[in-house]
Amino acid sequence: QAKSVGRGTIRVFEPEMEALATARSEMERGLRQAIERNEFVLYYQPQIDRTDGIVGVEALVRWQHPQQGLTSPASFIPLAELTGLIVPLGKKVLHMACRQLALWQVCPATQHLTIAVNVSAKEFFDDGFVDYVSHTLNETGAPPEKLELELTESQLMQDVDAAIKKMQALKQKGIRLALDDFGTGYSSLSQIQQLPVDQLKIDAVFVRDLVFNRNDIAIVQTIINLGKALNLDVIAEGVETQAQRDVLAQLGCHKYQGFFYGKPEPAQTLTENLMVT
Ligand code: C2E
Ligand code: MG
Ligand code: MG
Ligand code: MG
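An unreviewed UniProt entry annotates the chain as Diguanylate cyclase originating from Neopusillimonas maritima.

Caption draft 1: Up close: the coordination of the magnesium ion (ligand 2). Of the protein atoms, only Glu58 (OE), Asn118 (OD1), Glu150 (OE) and Asp180 (OD) coordinate the magnesium ion (ligand 2), at distances of 2.0 to 2.3 Å. Here the donor residues of the magnesium ion (ligand 2) share one chain and are spaced in sequence as E-x59-N-x31-E-x29-D. For the pair the magnesium ion (ligand 2) and the magnesium ion (ligand 3), the metal-to-metal distance amounts to 4.0 Å, and Asp180 bridges them. Of this pair, Glu150 sits in strand 7 (residues 147-152) while Asp180 sits in strand 8 (residues 176-182), and the two are 30 residues apart along the sequence. A residue is classified by how much of its surface remains accessible, and Glu150, at 1% relative accessible area, is buried. Judged by relative accessible area, which is 7%, Asp180 ranks as buried.

Caption draft 2: Fine view of the coordination of the magnesium ion (ligand 3). In this structure, Asp180 (OD), Asp181 (OD), Glu237 (OE) and Glu237 (OE) serve as the protein donors to the magnesium ion (ligand 3), at separations of 2.1 to 2.4 Å. On the primary sequence, the residues serving as donors to the magnesium ion (ligand 3) are separated as D-D-x55-E. By relative accessible area, which is 11% here, Glu237 ends up buried.

Caption draft 3: Representation of the nonpolar core in the model. Counting 75 residues, the largest nonpolar core has Phe40, Leu147 and Leu149 as its most contacted members. Each residue touching Leu147, except ones within four places of it in the same chain, is listed here: Leu94, Cys98, Leu101, Ile115, Val117, Val133, Leu137, Ile175 and Arg176.

Thresholds, definitions, all that
Throughout this document, residue positions are counted from 1 along each chain, in the order its sequence is written. Throughout, the order in which chains and ligands are written sets their labels, letters from A for the former and numbers from 1 for the latter. Selection of residues for local features in this predicted model requires a pLDDT of at least 70, selection of side-chain atom pairs for listing and counting requires 80 or more, and totals for whole chains, interfaces and linings are taken over all residues. Only heavy atoms go into the side-chain values, all of them from the structure, while hydrogens and water stay out. Each metal's donors are the N, O and S atoms found within 2.8 Å of it, except that Na, K and Ca use a 3.2 Å limit; water is left out, so coordination can look incomplete. Comment: elements are numbered from the N terminus, with helices defined as DSSP H or I runs of at least four residues and strands as E runs of at least two. Remark: exposure states derive from per-residue accessible area (1.4 Å probe, protein chains only) relative to the maximum for the residue type, with buried under 20%, exposed over 50%, and partly exposed in between. Residues enter a nonpolar core if they are buried and are Ala, Val, Leu, Ile, Met, Phe, Trp, Tyr or Cys, with the set joined through side-chain atoms within 4.5 Å. Residue contacts are defined here by distance: any two heavy atoms, one from each residue, within 4.5 Å place the two residues in contact.

Structure follows, in structure tokens:
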């Protein structure tokens, strides 16, 4: 409820605002506490190549809430980004992913797997980011060439020059870089071409109706051609059906991720399945 108080000013009804602010600061406190108490876990979703073999995984964070149970990132990542808590949370995520990578090195069935980690703008532009990544790789013994960081176009466009510098520093350490949610941002072709990335991830919105929507087919074909021209890997997100996978394959996309191949799951169950197949 808003009430007008004189020329052009809108005053929001105060008790409501207070309630909102209280709820937010309570959530923030809960989130901060959860980070300290290590209540976050990583789930891993397989990434599949054209031979139907698993080549890597994407790490997706979940909050193992003591009362509410397993909570998805949509419910806490936005607040974490707003409050800056994404920086300490992201550090924990990166550390868990690198520890998992190092563990996978000792087993022939998992040695080849890459792990992709999502990185928000606040984390990426944080001054200590590159140092923290290399420190974590050293500390855990994870091989840098098996770590992939997922960035989004829109986040990089906040400051292209600074972003390119950071990306180059990460590339120099041997780390792979991917552009997440590709096709939904507003970067120009000349900007994309400047970015030192290894992989484009076609956003799930273009995959959803791909089988019957000619516009989506045209967009996906364009992204794949762009990948070819710039010598980048292209992976499609949100692949849920055989039909989507087949159209993607026909268009020249050779890596897939989505419920058709597997939902995000704990490392334990993922590797158990790898051992039996
Ligand atoms: P994203 O990086 O684009 O991840 C893909 C999302 O799509 C994941 O949702 C995944 O579970 C979901 N997904 C995968 N395959 C399918 C499919 O076939 N169908 C459908 N309908 N969905 C599918 P999730 O795990 O809820 O993550 C949502 C977003 O939260 C991620 O989008 C990413 O932007 C963010 N996020 C997740 N983990 C982290 C993290 O550790 N750090 C940061 N900064 N962000 C994260
Ligand atoms: Mg991602
Ligand atoms: Mg995505
Ligand atoms: Mg996303």
